[in-house]
Amino acid sequence: MSYRHILLGAAALSLTLPVLAQTSENTETHLDTITVEGSRLNQTQAEIGSSVSIITEEDVDQLGFDFALDAVASAPGVTINQNGSFGGNASVRIRGASSGQTLVLVDGVPVNDPSGTDGSYNFAYMDTDTIERIEVLKGPQSTLWGSDAIGGVVSITTKTPEQGLAGTVFGEYGAFNTFRGGASVGGGNDTGDFRLSASRIDTDGISKADEANGNTEEDGYESSTLSARGGLNLTNNIRLDSGLVWNEAESEYDSYSGTAQGSVADGDEVAKNETLSSHLALTVPLFDDRFVNEFMVGYSDISRKNYTNGVNSYEAEGDRTIYRYQGTFTINDANKLAFGAEREETTANDEDASIDGLFALYEFKPVEKLTLTGGVRVDDHNTFGSETTGRVAAAYATNDQLTLRASWGQGFKAPSIFQSTYICTFCGLTEPNRNLKPETSEAFDLGFDWQSANGKTKTGVTYFNQETENMIDFSYTAGYDNIDLVNSKGFEVYGSHQFTDWLGVSANYAYIDAEDGNGAELHRLPENSGDVTFSLTPEGPFSGTILVRYNGEEANTNGTTLDSWTRVDLKGSYNIDDRLEFYARIENMFDEDYQQILGYGTPGLSGSLGVRLRY
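Described in the following lines is the structure provided in the data block. (Residues numbered from 1 in each chain as written. Predicted model: local features only at pLDDT ≥ 70, side-chain atom pairs only at ≥ 80, totals over all residues. Heavy atoms only, no water.)

### Comments concerning the side chain of Q596
Next, step 1: Among the structural elements, Q596 can be located in the loop between strand 32 (580-587) and strand 33 (606-614).
Next, step 2: With relative accessibility at 13%, the residue Q596 sits in the buried group.
Next, step 3: Within the local environment of Q596, its side chain forms a polar contact with the backbone nitrogen of Q82, the two atoms lying 3.1 Å apart.
Next, step 4: Apart from the residues lying within four places of it in its own chain, the contact partners of Q596 are I80, N81, Q82, E554, L562, W565 and T602. (Helix = DSSP H or I, 4+ residues; strand = E, 2+ residues; numbered from the N terminus. Buried < 20%, exposed > 50% of the residue type's maximum accessible area, 1.4 Å probe, protein only. Polar contact = N/O pair within 3.5 Å; in protein donor to acceptor, adjacent residues only side chain to side chain. Contact = heavy atoms within 4.5 Å.)

### Let's talk about the packing of aromatic side chains
Next, step 1: Under the criterion given, the structure shown has 21 aromatic pairs.
Next, step 2: Centroid distance F67 to Y221: 6.4 Å. Interplanar angle 55°. Geometry classified as tilted. With F67 in the loop between helix 2 (57-63) and helix 3 (68-72) and Y221 in strand 13 (residues 221-233), this pair connects stretches of sequence that are 154 residues apart.
Next, step 3: Relative accessible area serves as the criterion here: at 2%, Y221 is assigned to the buried category.
Next, step 4: Feature note: the residues F287, F291, F295, Y325, F329 and F339 constitute an aromatic cluster, connected by ring pairs.
Next, step 5: Above the plane of the ring of W145 lies R40, whose end atom (NZ or CZ) is 4.1 Å from the centre. (Phe/Tyr/Trp six-rings, centres within 6.5 Å; stacked < 30°, edge-to-face > 60°. Lys NZ or Arg CZ within 6 Å of the ring centre and 35° of its normal.)

### A few points about the sheet that holds strand 3 (residues 52-56)
Next, step 1: If you walk across this open sheet you meet the 5 strands as 3-8-9-6-7, and the pairing is mixed. The two strands at the open ends of the sheet, each matched to only one other strand, are strand 3 and strand 7 (109-110).
Next, step 2: Across 7 bridges, the pairing between strand 8 (residues 131-138) and strand 9 (residues 152-158) is antiparallel. Looking at strand 9, one finds that L137 is bridged to V153. (Pairing = 2+ DSSP bridges.)

Here it is as structure tokens:
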């Protein structure tokens, strides 16, 4: 570990409040006031017992993120890879687990791509304009959420309506002839509420294949997003809630070239994607709200088409339908029980699969400062049979300043429809691998969270250790087979300090040591990564943020090493009044030349100007 990594880790440890939860206006934010919706028990961060990062709408606005991909990357232990900016295929990894082992939820609905090779979610197209909150639950979460949650869960909540009638309009223009704009309107009263929004981004972009390698053709990108959210407040505190997010995107990309760096060079390729996620939920509280019943039907769909030189070269489509019931019974202040059932039906390219799950979770507080949680889940796949996973966690608040926590959990991932139906004809096979088994994982983490008496200084450390077995990979003898083992261990550090009412600094750092069963390091995964954020909110109309992001060296798939990089971004805003705001961003201020994936370029020094009107 070099001096740079040591300094970054030390900076994070000696500072306070994670960048994900840091707000300079409120130095009294406590872990016991932040509810983790993904816990399924409505536990706070001080009670859940495991590492969770929460990214709020305010954090996204403060740091100037246009895409959910960049926001998620600000969580310690989360690393990203993208095949070129502006619509390039984008993956998210938690603690070294592959992107296909990260479950992504939008308002509780799984949105991982059923038609993809490993069923992973492509983060390239999700705009932050619709997002109210992102939770990153780290480590196996299959007891809570079933298949795919081997490495963790990214749970995204879309914006909800507020009381009264209000809305926003924004527009911005920047480098690479990029326009981004949108509008929203919403309102609510005692009867119900609604929110509608639309946004669009259109850019000439840059070459997906690195311009430094002689690739000068620009690869454009355009994307439109519509969202709707609303609900009715019925009698006896019963609520009906619904939501929908639709996106259509078109991204130009470059072609395969066996002699080029990363095997990619200028070419005439286009990817068209259409995605939809929606839900309808009914909440029925009983016994003075002590027994809350939640019924939900969710649906997600993705359609992908690729074109080469204007000719359709590939297409795929998949959808998921989920039926869910959960009952949460608060027995008394010391005991809480949650139980439920789920059924998920998945189709992809005329193939289908289904999985049924039953789960139970229990929270026990023998004393006020100690929270113990346990759970078990049984999932039954129509092809791969039954899988049982468990989870236990403990959180102990020694006093108002220090919380100790520990958790252990199991995860599993059923083979994707593609993996379980693929026939490798050029391998001489005539049928899929009938012996394919689910991937499984087991992990634990230990950590603490501390804050000063005045709440201005906060810090935390988490150690994790995870083993994943039966990893599925391609084999010339069987097509897709269970051939890999991965061991991942490391630690995450966060910290921040509020120097004055207007000046704060926060940092996080992660060290991830991930190896396969042969002791080789995993590809496209940095051992060292982290952020440092400076927040300036002086009295008056101006505010600003400086974000420094570091990504360490990564092993390439061809045996070479991708260089580390450090990038600096600035965001500033000027509020004319409560309604009108002007803002500006400078990205990659020092014009760092770097790649996230070998052969694919990234933008140099660039910027944008914008205006936002609230009414």
